[in-house]
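# Inside the fold
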Amino acid sequence: MGQDAPANNDTDVWFKYRNLFLLAVVISQVVKLLFFSHLAIGNFELGALDPQAFERYLVFRACFVIAISAFYLFSYLKNWYFEKVSLLYVGIAMTALVMDYFNAYVYLSENPLQWMTGLIVLRFLAVCCLLINALSAHRAPAMPRSLLS
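Definitions and limits used
Residues numbered from 1 in each chain as written. Predicted model: local features only at pLDDT ≥ 70, side-chain atom pairs only at ≥ 80, totals over all residues. Heavy atoms only, no water. Disulfide = S-S within 2.5 Å. Buried < 20%, exposed > 50% of the residue type's maximum accessible area, 1.4 Å probe, protein only. Salt bridge = Lys/Arg side-chain N within 4 Å of Asp/Glu carboxyl O. Helix = DSSP H or I, 4+ residues; strand = E, 2+ residues; numbered from the N terminus. Axes fitted to C-alpha atoms, helices over the stretch in contact; angles between N-to-C directions. Parallel < 35°, antiparallel > 145°, perpendicular 65-115°, else oblique. Left-handed = near helix turned anticlockwise from the far one by under 90°. Contact = heavy atoms within 4.5 Å. Nonpolar A, V, L, I, M, F, W, Y, C, P; charged D, E, K, R; others polar.

## Here's the deal with the state of the cysteines
- On inspection of all chains with the given rule, the structure shows zero disulfides.
- Summary of cysteine pairing: Cys-128 is not part of a disulfide, and the nearest cysteine sulfur, belonging to Cys-129, is at 7.2 Å.
- In this structure Cys-128 comes out as partly exposed when scored by relative accessible area, which is 43%.
- Classification of Cys-129 by relative accessible area gives buried; the value is 14%.

Rendered as structure tokens:
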């Protein structure tokens, strides 16, 4: 009586911050892989591998990241099976990290640059954010959602 209705405390207020972090990670990875893949190759000792084939692999990975991120974003913004899609996305992100370990990171030079190590740690943090988003998908902000909600 005379008081405002209690706010919905079930909403995860950190969702937008994790989404902004994930968006920054995706944009940085895609820009690096699409536009600076020739520089990224310098951190690897390819040996007998064809550098052009490895560069094509990096571009393929960037296109895959764009496609799967767009699907995740669509699912979040439209609330289209977001709980299931977010769990699927965590599985895909973990699989991609393992695939990159066997297809790319094993070729890192003996003394990788600190920023390359930082990018790998950044990917681990992104997977952790994805996992937290998947576990709290039922507490996502109410519809209509925006990119920053």
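Further notes follow.
## Re the pattern of salt bridges
- On inspection of all chains with the given rule, the structure shows two salt bridges.
- One salt bridge connects Asp-10 with Arg-139, and the closest N-O pair in it is separated by 3.9 Å. Of this pair, Asp-10 sits in the segment before helix 1 (15-35) while Arg-139 sits in the segment after helix 5 (114-135), placing them 129 residues apart in sequence.
- What makes Asp-10 partly exposed here is its relative accessible area of 44%.
- With its nearest N and O atoms 2.4 Å apart, the salt bridge here joins Arg-18 to Asp-12. Across the pair, Asp-12 and Arg-18 agree in class, each one buried.

## Quick notes on the packing of helix 3 (residues 51-78) against helix 4 (residues 82-103)
- Contact geometry of helix 3 with helix 4 gives a least axis separation of 10 Å together with a crossing angle of 170°. Looking at the two axes, helix 3 sits roughly antiparallel to helix 4. For the crossing formed where helix 3 meets helix 4, the hand is left-handed. Along its contact with helix 3, which presents Phe-54, Tyr-57, Arg-61, Phe-64, Ile-68, Ser-69, Phe-71, Tyr-72, Ser-75 and Tyr-76, the element helix 4 presents Phe-82, Val-85, Ser-86, Tyr-89, Ile-92, Ala-96, Met-99, Asp-100 and Asn-103.
- A class-by-class count of the residues in the contact of helix 3 with helix 4 yields 13 nonpolar, four polar and two charged.

## A closer look at the packing of helix 1 against helix 3
- Their axes nearest at 9 Å, the elements helix 1 and helix 3 cross at an angle of 155°. On the basis of the axis angle, helix 1 is roughly antiparallel to helix 3. In this structure, the crossing between helix 1 and helix 3 has a hand that is left-handed. Contact with helix 1, carried on its side by Phe-15, Asn-19, Val-26, Val-30, Leu-33 and Leu-34, involves Leu-58, Val-59, Arg-61, Ala-62, Val-65, Ile-66, Ser-69, Tyr-72 and Tyr-76 of helix 3 and no other residues of that element.
- Of the residues belonging to the contact of helix 1 with helix 3, the class tally is twelve nonpolar, two polar and one charged.

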